[in-house]
Amino acid sequence: MISFQHGAKTEPRPGTYLTRQPISVSRYIVNATTMVQGIKVLSNVTPNAKAEILTEDALSFLAALHRTFESTRQGLLVARDVAQRRYDSGASFDFPSETAHIRADPTWHCAPPAPGLEDRRVEITGPTDRKMVVNALNSGAKTFMADFEDSSSPTFANMINGQVNLRDAIRRQIDFEVSGKAYKLVEKPAVLIVRPRGWHLDETRVTVDNAPVSASIFDFALYFFHNARELVKRGYGPYFYLPKMEHYLEARLWNDIFLFSQSYIGLPHNTIRATVLIETLPAAFQMEEILFELRNHSSGLNCGRWDYIFSAIKKRRADRGTVFPDRKDITMTVPFMDAYVRLLIQTCHRYGLPWRGASRITITYRRKVAAMGGMSAQIPIKNDSKANETAMEKVRSDKLREVTAGHDGTWIAHPLIHGIARRVFDEHMLGPNQYHVRREDVKVAATDLTNANVPGRITEDGIRSNVSVALAYCTAWLGGNGCIPVNHLMEDAATAEIARVQLWQWVKYAARMDNGETITVSFLDHVIDELAPTIKAIAPGIKDEHLKITTNYLKGQIRQQWPSDFLTSDLMPFLTMAD
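It should be emphasised that the depicted structure is a prediction, and the values quoted were computed from it without experimental measurement.

About the cut-offs
- Residues numbered from 1 in each chain as written.
- Predicted model: local features only at pLDDT ≥ 70, side-chain atom pairs only at ≥ 80, totals over all residues.
- Heavy atoms only, no water.
- Buried < 20%, exposed > 50% of the residue type's maximum accessible area, 1.4 Å probe, protein only.
- Helix = DSSP H or I, 4+ residues; strand = E, 2+ residues; numbered from the N terminus.
- Right-handed = clockwise from strand over helix to strand, strands pointing away.
- Core = buried A, V, L, I, M, F, W, Y, C linked by side-chain atoms within 4.5 Å.
- Contact = heavy atoms within 4.5 Å.
- Pairing = 2+ DSSP bridges.
- Axes fitted to C-alpha atoms, helices over the stretch in contact; angles between N-to-C directions.
- Expected span 1.5 Å × (residues − 1).
- Parallel < 35°, antiparallel > 145°, perpendicular 65-115°, else oblique.
- Left-handed = near helix turned anticlockwise from the far one by under 90°.
- Nonpolar A, V, L, I, M, F, W, Y, C, P; charged D, E, K, R; others polar.
- Salt bridge = Lys/Arg side-chain N within 4 Å of Asp/Glu carboxyl O.

Q: Just checking my understanding: could you explain the pairing of strand β3 (residues 143-147) for this structure?
A: One face of the sheet, then the other: side chains in a regular strand alternate in exactly this way. Among the five residues that make up β3, five are buried, leaving the element largely enclosed by the rest of the structure. Here β3 shows a buried face lined by Thr-143, Met-145 and Asp-147 and a second buried face lined by Phe-144 and Ala-146. Between the parallel elements strand β2 (residues 122-126) and β3, the chain passes through helix α4 (residues 130-137) in a crossover that is right-handed.

Q: It is not clear to me how the nonpolar core should be interpreted in this structure. Could you clarify?
A: Grouped burial of nonpolar side chains is what soluble globular proteins tend to show. Phe-144 and Ile-278 are the most contacted members of the largest nonpolar core, which totals 121 residues. Aside from chain neighbours lying at most four places away, what touches Ile-278 is Ala-283, Ala-284, Met-287, Ile-290, Leu-301, Asn-302, Cys-303, Gly-304, Tyr-308, Tyr-340 and Leu-344. Listed in part, the 42 residues of the second largest apolar core include Ile-484, Leu-503, Ile-519 and Leu-575.

Q: Help me out: how do you make sense of the sheet that holds strand β1 (residues 39-41) in this one?
A: What links the strands of a sheet is backbone hydrogen bonding, and the strands pair in either a parallel or an antiparallel sense. The strand order β1-β7-β8 describes an open sheet built from three strands, whose pairing is antiparallel. Both outer strands of the open sheet, β1 and β8 (211-214), are each paired with one neighbouring strand and no more. When the angles between neighbouring strand axes are averaged without regard to direction, this sheet yields 55°. Taken together, the three bridges between β1 and strand β7 (residues 202-208) define a ladder with antiparallel strand orientation.

Q: Whenever I open this one, helix α11 (residues 335-349) confuses me. Can you help?
A: Side chains of residues three or four places apart in an α-helix project in the same direction, reflecting 3.6 residues per turn. With 15 residues, α11 ought to run about 21 Å at 1.5 Å a step, and its terminal C-alpha atoms sit 21 Å apart, in line with that. The buried fraction of α11 amounts to 12 of the 15 residues, a majority that puts the element mostly inside the structure. Among all positions of α11, only Phe-336, Met-337, Ala-339, Tyr-340, Val-341, Leu-343, Leu-344, Ile-345, Gln-346, Thr-347, Cys-348 and His-349 are buried.

Q: Could you clarify how one ought to interpret the environment of Leu-400 in this entry?
A: Inspection of the secondary structure assignment puts Leu-400 in helix α12 (residues 385-405). According to the relative accessible area criterion, Leu-400 is partly exposed, its value standing at 36%. Each C-alpha atom, one on Leu-400 and one on His-349, is 19 Å from the other, the two residues being 51 residues apart in sequence. Leaving out residues up to four positions away in the same chain, Leu-400 has contacts with Val-424 and His-428.

Q: Got a minute to help me understand the pairing of strand β15 (residues 409-412) in this structure?
A: Of the two faces of β15, the one holding Gly-409 and Trp-411 and the one holding Thr-410 and Ile-412 are both buried throughout. Bridge analysis of β2 against β15 gives three bridges, and the strand direction is parallel. Paired with Val-122 across the bridge in β15 is Thr-410. Direction of pairing for strand β14 (residues 370-375) relative to β15: parallel, over a ladder of two bridges. When the sheet's bridge partners are listed, Met-375 is paired in β15 with Trp-411. Handedness of the β14-α12-β15 crossover: right-handed.

Q: Got a minute to help me understand the packing of helix α2 (residues 56-88) against helix α6 (residues 215-233) in this structure?
A: Geometry of a packed helix pair, given as the angle between the helix axes and the separation of the axes. At a minimum axis distance of 10 Å, the contact between α2 and α6 shows a crossing angle of 135°. Relative to α6, the element α2 is oriented oblique. Crossing hand, α2 versus α6: right-handed. Side by side, α2 and α6 meet where Asp-57, Ala-58, Phe-61, Leu-62, Leu-65 and Phe-69 of the first sit next to Ile-217, Phe-218, Phe-220, Ala-221, Leu-222, Phe-224, Phe-225 and His-226 of the second. The residue makeup of the contact of α2 with α6, split by class, is 12 nonpolar, one polar and one charged.

Q: How do you make sense of the environment of Met-392 when you look at a structure like this?
A: Inspection of the secondary structure assignment puts Met-392 in helix α12. The exposure class of Met-392 is buried, given its relative accessible area of 5%. Distance from Met-392 to Ala-274, taken between C-alpha atoms, is 30 Å for residues 118 residues apart in sequence. Not counting chain neighbours up to four residues away, the residues in contact with Met-392 comprise Gln-378, Ile-379, Pro-380, Ile-417 and Ile-420.

Q: What's the story with the packing of helix α15 (residues 460-478) against helix α17 (residues 521-531) in this structure? I'm lost.
A: At a minimum axis distance of 10 Å, the contact between α15 and α17 shows a crossing angle of 60°. Considered as vectors, α15 and α17 are oriented oblique to each other. Considering the relative orientation of α15 and α17, their crossing is right-handed. Contact residues: α15 offers Glu-460, Ile-463, Arg-464, Val-467, Ser-468 and Leu-471, while α17 offers Phe-523, Leu-524, Val-527, Ile-528, Glu-530 and Leu-531. Of the residues belonging to the contact of α15 with α17, the class tally is eight nonpolar, one polar and three charged.

Q: Sorry, what's going on with unusual backbone geometry here?
A: Glycine aside, residues mostly have negative phi, and peptide bonds are mostly found in the trans state. Even without being glycine, Arg-172 reaches a positive phi, approximately 55°. One non-glycine residue, Asp-209, lies in positive phi territory at about 55°. Inspection of the secondary structure puts Asp-209 in the loop between β7 and β8. Exposure remark for Asp-209: the relative accessible area of 43% places this residue in the partly exposed category.

Q: I tried to follow the pattern of salt bridges on my own but got confused; where do I start?
A: Once the charged atoms of two side chains with opposite charge are near each other, the side chains can pair. Counted according to the given criterion, the structure contains 49 salt bridges. One salt bridge connects Lys-244 with Glu-149, and the closest N-O pair in it is separated by 2.6 Å. Pair noted here: Lys-244 is in the loop between β9 (239-242) and α7 (248-265) and Glu-149 is in the loop between β3 and α5 (156-170), with a separation of 95 residues, a long-range link. An identical accessibility class is assigned to Lys-244 and Glu-149; each is buried. Across the pair Glu-402 and Arg-401 runs a salt bridge, and its minimum N-O distance is 3.8 Å. Judged on exposure class, the residue Glu-402 and its partner Arg-401 are both buried.

Structure follows, in structure tokens:
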């Protein structure tokens, strides 16, 4: 944990980020009072946007959610730590025995697709800055996942201005002009889906009864309160992507929040829809249970591939048999990733058993929700047509794999890739979705999901790539940028996390490179020191002070007994201080 001192910025030392503790922030802010009893806003940035978003009524709603559900969230976070200790002691991953009856029950089903979510063949994702919001909504994609999470740096200005931008987009009041270029919404923009931050994160700039609020609840509450009725009025609804869950009880918490929130503002129950990102190893064993908990609000599951790889390494951190090769070798076709994809599609599309009613035999649909594919990291390469074609061919191959496997849609990170993804899905998915692709051929066992056979090698190039990505991303993140291009790949928090934990893992288990050399702390220190001066060329505009922080941070991480849970939690105190 970083040690803060009033009135000073204390440099972190390597190895000081192991323990997750609440952050005390009130001493940094002078003017923190609000008109709502028990709520403090511990930041003075973006006063105009704050006045529009942090209204008395919105803060009252936020406080009600916090006071009702925060103790449950904290209990679930403790349960994560308890589960991790079991894994570290050798407990195996398996499908929960206590929910076998849910997996065997053919009678329950999920909500039908909400308006605008029947066809999700291409979804574009990105942060919530004003330019990105307009470009994404105009991209031609079916939906836009506006991201407060892994592709955003959660400065308070980014979080609050993002809420303003989404509110304005919904009301078609977002048009603007910069340097003579007009940004104006098209007649029929993409359908909006919002991803709040994960359960593990606190919104440290807002407290209720002297405790920081959940970042998940903060993002959800403000968006829902200001926009839910307007979205319904315009023929859609409040739609969400839910990240980084590790247990079906975490999905139950979201469902309880949805029910509470709809009642609070007088919206009919089951108006909300939520797609869950299956991006942690424990969640892969509980897909059916997660759908069951959210069944009246569910719009499907998504293969959050990069976070899933990160989780597969982190959750099995005590197992030296899961030391993986270079990140580029952990593809969607390696056994544990392929099994996860096949099981997700089957889970979302599975039909129930036939049952005989009074006069006919009926098929009960257990699911009929979207099985969404994941993100190709490639982005267009300017001024090199050959390299660009190679990159775009990787995108085509990836999307072809997804659509032929039975996915109902895919993700892209750049508007110029929309055409490639769309053509692949249009050719192979003739209807609005593939709910009819049941994948009854799929039989996935627990051992398939934990199969650590990943062909490949650990190379010095792979090590240097991981160091560059981790340093560049973390440094940009501290400066307010949550997604950056590195070597023609779009990197966000998830890919930086893979880089971080792989470096830790290779040191922890004294892995050898393909040249026979053992990977040690001193070797990585040398690589980090060598590459740190080059990071400004990768991420222009970063600050020297931020690069120093992240260099020390990465050196600290490779020295830990266990890697920290999340780099965003580790580095959040620096954003809190800056705000």
